[in-house]
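Summary of the model geometry
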Amino acid sequence: MKFLKIAIILLVCNIANAQSFIGYTSDNYSGLHGVALNPANIVNSKFRTEINLASASSTFNNDYFVADFNELFSGEDFDDSRTEPKDNNNFTISADVMGPSFMLNLSPKSSIGIITRGRVFSNVNELSGVLFENVEDNFDDNSDFTIEEDNFTITTHGWAEFGVAYGHVLLDNNQHYLKGGATIKYLRGFGNAYTIGSNLLVDYNANTFINGDGQITSTGTIQYGSSNAFSADGDGDFKLEDNAQGLGADVGFIYEWRK
């Protein structure tokens, strides 16, 4: 029993790390946000109907910045003492915006809904924290250093969703209860970009020139690219391409043992 409790805790933690609207999607009154997690939540909801005008969720996970929870609201600036640079730091940033959406109980055993969402994810994997902080400081360092970076990846992608959801109670005999749901989604891509580095060696000599400017010498391979949703001249103009679209689906079930 103790092992089972530990396993459940770990599973819940992994789900929370991967989902938007953390701490809200599993609530009995989560409504449309619970449907985004599992389409089966749309049926037998606590709400007969729900309308969402706009709501947003954002997450930031990393092992580089360190802060006490109370300090986040104190207005203090981050300094070097609040960072933990390693050979393979990781960052994850996500944003999820739910636009105009609604759900409606057709009967005690069936419900329908429409959900619109916009989502963006960005991941930085196994990037040297020392390299990151020096790039952030424009290599304004008074001491020499050498950084060996084996492999790192940086990816960013975003898309919009327009989904139609339906749920139905499949079994209800007082002791065993089972409901299922599905969301069919039209997907429209905003764009994506990536950077891949391999066998990177960065050597910084702080006092190469008389004026004190340092010299950077690097070897290795860095690849980068982006989808056609971004302008080729790099001015940041945003445009959608006709082929950046597709279909998707979410399917979920919920079983309850009502002893």
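Rules used in this analysis
- Residues numbered from 1 in each chain as written.
- Predicted model: local features only at pLDDT ≥ 70, side-chain atom pairs only at ≥ 80, totals over all residues.
- Heavy atoms only, no water.
- Helix = DSSP H or I, 4+ residues; strand = E, 2+ residues; numbered from the N terminus.
- Buried < 20%, exposed > 50% of the residue type's maximum accessible area, 1.4 Å probe, protein only.
- Contact = heavy atoms within 4.5 Å.
- Phe/Tyr/Trp six-rings, centres within 6.5 Å; stacked < 30°, edge-to-face > 60°.
- Lys NZ or Arg CZ within 6 Å of the ring centre and 35° of its normal.
- Patch = residues over 30% accessible without salt bridge, like charges linked within 9 Å, V, L, I, M, F, W, Y side chains within 5 Å.
- Areas by Shrake-Rupley, 256 points an atom, 1.4 Å probe, with all protein chains shown as cover.
- Salt bridge = Lys/Arg side-chain N within 4 Å of Asp/Glu carboxyl O.
- Lys, Arg positive; Asp, Glu negative; His and termini not counted.
- Charge placed at Lys NZ, Arg CZ, Asp CG, Glu CD.
- Core = buried A, V, L, I, M, F, W, Y, C linked by side-chain atoms within 4.5 Å.
- Polar contact = N/O pair within 3.5 Å; in protein donor to acceptor, adjacent residues only side chain to side chain.
- Pairing = 2+ DSSP bridges.

Secondary structure assignment for the chain yields 3 helices and 9 strands. Secondary structure elements of the chain occur, N-terminal to C-terminal, as α-α-β-β-β-β-β-α-β-β-β-β. Counting only residues that meet the buried cut, the chain has 31% of its 259 residues in that class. Considering only contacts in the chain between residues 6 or more positions apart, those separated by 24 or more positions represent 72%.

In total, this model carries 3 aromatic pairs according to the counting rule given. Summarising the aromatic geometry, the rings of tyrosine 64 and phenylalanine 91 are spaced 5.8 Å apart at their centres and angled 55° between planes, so their arrangement reads as tilted. Highlighted residues: tyrosine 64 in the loop between strand S2 (55-62) and strand S3 (89-98) and phenylalanine 91 in strand S3, separated in sequence by 27 residues. Using a relative accessible area of 1% as the deciding quantity, one classes tyrosine 64 as buried. Residue phenylalanine 91 is classed as buried on the basis of its relative accessible area of 7%. Here the guanidinium or amino end of arginine 258 rests over the ring plane of tyrosine 177, the centre of that ring lying 3.9 Å away.

This part is about a negative patch on the surface. A cluster of like negative charges, contributed by Asp87, Glu126, Glu148 and Asp150, occupies part of the molecular surface. Mapping aspartate 87 onto the fold places it in the loop between S2 and S3. A relative accessible area of 65% means that aspartate 87 is categorised as exposed.

This brings us to the nonpolar core. Soluble globular proteins tend to pack their nonpolar side chains together in the buried interior. The biggest cluster of nonpolar side chains holds 9 residues, and these are Tyr64, Phe91, Val124, Leu127, Leu131, Ile147, Phe152, Leu200 and Val202. Going through the elements one at a time, strand S5 (110-127), strand S6 (145-172) and strand S7 (176-205) are the ones with two or more residues in this core. Within the second largest apolar cluster, 7 residues are counted, among which are Leu32, Val35, Met103 and Ile115.

Within the element layout of this structure, threonine 153 appears in strand S6. Sequence-wise, threonine 153 and glutamine 223 are 70 residues apart; in three dimensions their C-alpha atoms are separated by 9.5 Å. Other than its neighbours up to four places away in sequence, threonine 153 contacts Asn123, Val124, Asn125, Thr195 and Ile196.

Relative to the assigned elements, serine 45 resides in the loop between helix H2 (32-37) and strand S1 (49-52). Side-chain polar atoms of serine 45 contact the backbone nitrogen of phenylalanine 47, separated by 3.1 Å. In this structure, serine 45 is in contact with Met103 and Asn105, ignoring residues within four places of it in sequence.

A few words on the pairing of strand S4 (residues 101-107). Relative to S4, S1 runs antiparallel, the two sharing 4 bridges. Bridge pairing links isoleucine 51 to phenylalanine 102 in S4. Counted between consecutive antiparallel strands, the loop separating S4 from S5 contains 2 residues.

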